[in-house]
Amino acid sequence: TAHSLSSSCSSMRFIPIGLLRFLWGCDGLASSSMGITRHLQYLQTAAVMQVAKSSLAAAASSSKMELPPSAQFVVSRNGVKLPWHRINYRCEGGEYPSSGGGNSDSDTPMSAATLLQVLSRGAYTTCRTIDHGRRVYLFDFHVNRIDDSTQRIFVDDLDRSHAEAWSRDSIRDCVRSTIRYYRETYYQDEAGSADFRIVLLATLEENPLSRRGESKEGVLYCHVGELSKRSDTEHIRVLIQGRGRENAEAKDSKWILDRKRLITPESASYEEIILLDENGELLEGTQTNFYVVRDEALITADEGILLGSVRDSVLRVCRSHNVNVELRPPTMDDLKHASGVFISSTSRLVMPVHNVVLGDLIQGDSDASGECARCYHYRNCRITERIKEWVLRDVETH
């Protein structure tokens, strides 16, 4: 179920465990808490700069990172807001990761995709709020994803102290704080009626403050921006191109870099790129789950993909409305005879697809003239439209 964000946030920020024990033993903590907090913020943001420096130039080279001048994002580290100029500093060659350029004092925000390339590799998840920013949709789903993915990515490098930064309570408080920072930064008051797109990254970073000889600490980053509103009249095209990801079960930030190889001047004009398995069957998109409607049945892969939270909703509403579901990768034959195609994700929910374009890896069927079909077209599909409505209502109640 969704987790409420309406309760007030604790004023205590998350800080390294060893230092926290030391501070709790200080008689003067209460009277000097403001100074300590400022010092901790400085140390934490300095750590971000050190971690990011080596990878910023590579991140800057992607055209997908350019942001409109009006882009509004906030990021926090362990619940403490990070000023953008701490990340948006000059790297080697004078490159910048966002379209704003400028100097080391620039406060130009970064998109979540850019930030994930700049920071250390880790487990990430993308969630959304509902009820005008008051609740996180399927909050526990994302907590469990972080837990499962960190264990898959870091394997033997984890201990209990790392996991404390990624506990359910830590994630909840970090999200609450970061949404509050966003409202304080961009709204005249803290009310607002928008819903938010939230990207969480759980990673390990060097811990210079450790008193127990630990070399790394668990860190939780939270990136928040408003959910964009999409028109229902948009004509949506997707491109079939590229192979499925390695270790698809883990939400690994390394995938943000891996998927860049699929981005070409041609593919950049499509809503999504659909990935294939070794048998030429259709798995998922680079950021979405993929579905085909054929003969009144819904077909979607169940293995070799990342199981999204909105996919949970799609399958749930299909069960409750007696829509037949086939959990297998759709084939090219399914695509040829489909009555509808759609994708799903946190920000899109259910998005009907109007054109599926075949990339170089796919040989289309020949038509009467001997020409190979390179694109399939779909009109409004009754089942797709119903699933879209059902999911919207389902999301609002979970």
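Report follows, based on the coordinates.

Calculation rules
Residues numbered from 1 in each chain as written. Predicted model: local features only at pLDDT ≥ 70, side-chain atom pairs only at ≥ 80, totals over all residues. Heavy atoms only, no water. Core = buried A, V, L, I, M, F, W, Y, C linked by side-chain atoms within 4.5 Å. Buried < 20%, exposed > 50% of the residue type's maximum accessible area, 1.4 Å probe, protein only. Contact = heavy atoms within 4.5 Å. Axes fitted to C-alpha atoms, helices over the stretch in contact; angles between N-to-C directions. Helix = DSSP H or I, 4+ residues; strand = E, 2+ residues; numbered from the N terminus. Parallel < 35°, antiparallel > 145°, perpendicular 65-115°, else oblique. Left-handed = near helix turned anticlockwise from the far one by under 90°. Pairing = 2+ DSSP bridges.

1. Notes on the nonpolar core
Item 1. Core analysis: the largest hydrophobic core is formed by 28 residues, its most contacted members being W166, I171, V175, I198 and L200.
Item 2. Not counting the four nearest positions on each side in its chain, W166 is found in contact with I146, T150, F154, L158, I171, A202, T203, L204, G218, V219 and L220.
Item 3. Counting residues in each nonpolar core, the second largest holds 22 residues, with A112, L119, L201 and W255 among its members.

2. Details of the packing of helix α9 (residues 309-320) against helix α11 (residues 382-396)
Item 1. The interhelical angle for the contact between α9 and α11, taken along N-to-C directions, is 115°, at an axis separation of 9 Å. Considering their axes alone, α9 and α11 lie roughly perpendicular with respect to each other. When you trace α9 past α11, the crossing you get is right-handed. From α9, V310, S313, V314, R316, V317 and C318 reach across to α11, where they touch I387, W390, V391, D394 and V395.

3. Focus on the pairing of strand β15 (residues 349-353)
Item 1. Within β15, five of the five residues are buried, which leaves it mostly tucked inside the rest of the structure.
Item 2. Pairing between strand β14 (residues 340-345) and β15: five bridges, direction antiparallel. Within β15, the position partnered with V341 by the bridge is V353.
Item 3. Linking β14 to β15, which pair antiparallel, is a turn of three residues.

Keep in mind that these numbers describe shape and distance, not what the molecule does.
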